[in-house]
Amino acid sequence: MQYDIVVRGGTVVDGSGLPRYQADVGITGGRIATIGKITGGANEVIDAEGHIVAPGFIDGHTHMDAQVFWDPLGTCSCWHGVTSVVMGNCGFSLAPCAEKDKLLVMRNLERAEDISPKAMEAGIKWSWANFAQYLDAVDRLPKGINYTAYVGHSALRTYVMGERAFDEAATSDELATMKRELRDAIKAGAAGFSTSRASAHQTPDSRPVASRLAKWDEVKELVGVMGELGAGVFEIAQEDVPTPDRLHDFLGRLKSLALETRVPTTFGVFYFRKMPHMWRAFYELVDDTVAAGGKMLVQGTSRWISTLLSFESTLPFDKAPVWSDIRKLPLAEQEAALRNPAMRAKLVEAARDFMTKRHNIVGAEARPPDFDYFFVLEKPLPPYRSVAQIARERGGDPLEVMLDLALEKHLKQFFIQPLVNEDQDIVLAMMRHPRSVVTFSDSGAHVSQIMDSSIQTHLLGHWVRERQALTLEQAIRKLTFDLASFWGLSGRGLLREGNYADVVVFDPATIAPQMPTLEYDLPAGARRLKQKAVGIKTTIVNGEVLLRDNEHSGALPGKLLRGPLAATA
Ligand SMILES: [Zn+2]
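Here is a short report on the structure shown in this document. (Residues numbered from 1 in each chain as written. Predicted model: local features only at pLDDT ≥ 70, side-chain atom pairs only at ≥ 80, totals over all residues. Heavy atoms only, no water.)

1. Focus: the coordination of the zinc ion
Phase 1: Those protein atoms acting as donors to the zinc ion are His61 (NE2), His63 (NE2) and Cys90 (SG), and they sit at 2.1 to 2.4 Å.
Phase 2: Expressed as a motif, the donor residue spacing for the zinc ion is H-x1-H-x26-C.
Phase 3: His61 sits in the buried class, given a relative accessible area of 0%. (Donors = N, O, S within 2.8 Å, 3.2 Å for Na, K, Ca; no water. Buried < 20%, exposed > 50% of the residue type's maximum accessible area, 1.4 Å probe, protein only.)

And the structure:
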């Protein structure tokens, strides 16, 4: 037999969690044809000696809805072994929405997800009103990886209610229209429905995004549409639950919704230092719901979720007096200002004063630092030293030391400011839970604030290789099969003969993220954080090599993955 590709001599970790084994993998016509000893010829042979051959990773939490229009490869996720992504999370999608109202929908994304409206305007050719038309538009685009998309509640609400979506409850007519649109979208192949009730999600003028105006009954009715159809996943960015009563109430509503509708339900769960036991309550909810016959999955991550701060991106005191002027200058002039003792003294004083005041900070915006939890990104993988620790070592003041550290790198030093998940032992406990996957990359969003497209390579480099806290088999399952099963991406996430040939070949001894950089390469010259990886030899999507040594091959084999009702239509 003649194959398109043979991956020869590698060690297969197939995604199921079963032990690894040596085998060649033969690929033909976009599918895995043979796993075993292969003697037949091939158009391309990939030497995988000493490498792991795994299913391409699946990322269930991205915001690539806009990016897919200008970045067919799906960076930065594709550089970390990801071959399929779910977009439209947290209620944010670009459809349904007619072109004339696009600014309203973009308003939902601009601050909550830090996606430049200028980049969206320059980079997106709007050709849809309803969700089915949006899916067709994505279908037509050249794509490197596979995409599937939720209908976002904020878009749906804005489509049906216009400006009122940002102020009011829906009337029964409006709710009926939303339900009809959602039904049509699921039938056309939407992955499901997503919403946000999180106060982190605000518009640029500090109002809640549209989905947050919905009564819980509206959410229930909409999720119920998927229950009736027997298709689609429900994703929710959680309500704020500052008290045990509110927590209990919210968990109760989530559980009954999942059990009444039988719709697979998923959300991120994080560790908050101020509420150290809350994460356990969510995991108990998931265990209870599953025990009662529901489907629920936690979207975890492999480390903290943090903002990456620097003079190139943002700093906690950018809006302080003196700083707000200096920060507009080119980097070299900012450096000169900081090296001028009189100017530096003014800046330090202004920063100190600013940090003692209260500010309206939402989502991943920089906040006044707690220097014990403000780390220096010195290398791609932990451990990291905090600024407070370095200040103690140097016998200096933390703020002054932070500025010194930045100056030592000509202001190109990144600092890690964790928003959640500071305690890495708890991160590990969450990852080890059987109903938890590693997926909360937020890829495509928070583009100048957060760079978590590297959580997959962080998992394999840090937790598997360096800490030996999870086996490779366990870790890969949490990046592949568990996700494919939950989202119903059949034929993916598992290396089996007959399945789609989404494959990643990597060196377990070296795989790791590289250092992030800040670049101005979005449409309209908007900026973003960028991070690549080392140790990934080949990434194959639908039977074609997408990346060799993490460089684009030129092929664009990615597809739109439609939900089950579209497939049978
Ligand atoms: Zn999100």
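2. A look at unusual backbone geometry
Phase 1: The omega torsion across Thr75 and Cys76 is 5°, close enough to zero to call that bond cis.
Phase 2: For Cys90, which is not glycine, the phi torsion reads 60° and is therefore positive.
Phase 3: When you line up the elements, Cys90 lands in the loop between strand E7 (82–87) and helix H1 (102–110).
Phase 4: For Cys90, a relative accessible area of 4% gives the class buried.
Phase 5: One non-glycine residue, Asn542, adopts positive backbone phi at about 45°.
Phase 6: With respect to the helices, strands and loops of the structure, Asn542 is situated in the loop between strand E22 (536–541) and strand E23 (544–548). (Helix = DSSP H or I, 4+ residues; strand = E, 2+ residues; numbered from the N terminus.)

3. A short note on the environment of Trp323
Phase 1: For Trp323, the location among the structural elements is in helix H9 (residues 323–326).
Phase 2: For Trp323 and Gln334, which are 11 residues apart along the polypeptide, the C-alpha to C-alpha distance reads 9.6 Å.
Phase 3: Excluding residues within four positions of it along the chain, Trp323 makes contact with Phe311, Leu315, Phe317, Asp318, Leu347, Ala350, Ala351 and Leu403. (Contact = heavy atoms within 4.5 Å.)

4. Things to note about the layout of surface pockets
Phase 1: The space that makes up the largest pocket amounts to roughly 1,600 Å³.
Phase 2: What lines the largest pocket is a set of 48 residues, and nearest its centre among them are Phe272, Gly363, Arg367, Leu419 and Val420.
Phase 3: Residue assignment for the lining of the largest pocket shows that the elements contributing at least two residues are strand E10 (233–237) and strand E15 (415–420).
Phase 4: Per-element tally for the lining of the largest pocket: the top contributor is E15, with four residues.
Phase 5: For the second largest pocket, the calculated volume is near 780 Å³.
Phase 6: Lining the second largest pocket are 28 residues, with Thr314, Asp318, Lys319, Glu365 and Arg527 positioned closest to its centre.
Phase 7: In terms of residue class, the lining of the second largest pocket is made up of 12 nonpolar, seven polar and nine charged. (1 Å grid on protein atoms, 1.4 Å probe; cavity = no way out; pocket = protein on both sides within 12 Å on 5 of 7 lines; lining within 4 Å. Points joined across faces, edges and corners; volume = space filled by probe spheres on them. Nonpolar A, V, L, I, M, F, W, Y, C, P; charged D, E, K, R; others polar.)

5. Thoughts on the nonpolar core
Phase 1: With 121 residues, the main nonpolar core has Phe69, Leu94, Tyr134, Phe267, Leu460 and Phe506 as its most contacted residues.
Phase 2: Looking at which element gives the most residues to this core, the answer is helix H8 (residues 278–291), with seven residues.
Phase 3: Beyond its immediate stretch of four places on either side in the chain, Leu460 contacts Phe57, Arg465, Leu472, Ala475, Ile476, Leu479, Phe506 and Ile511.
Phase 4: One finds Ala337, Val401, Met402 and Leu403 within the second-largest nonpolar core, a separate group that totals 32 residues. (Core = buried A, V, L, I, M, F, W, Y, C linked by side-chain atoms within 4.5 Å.)

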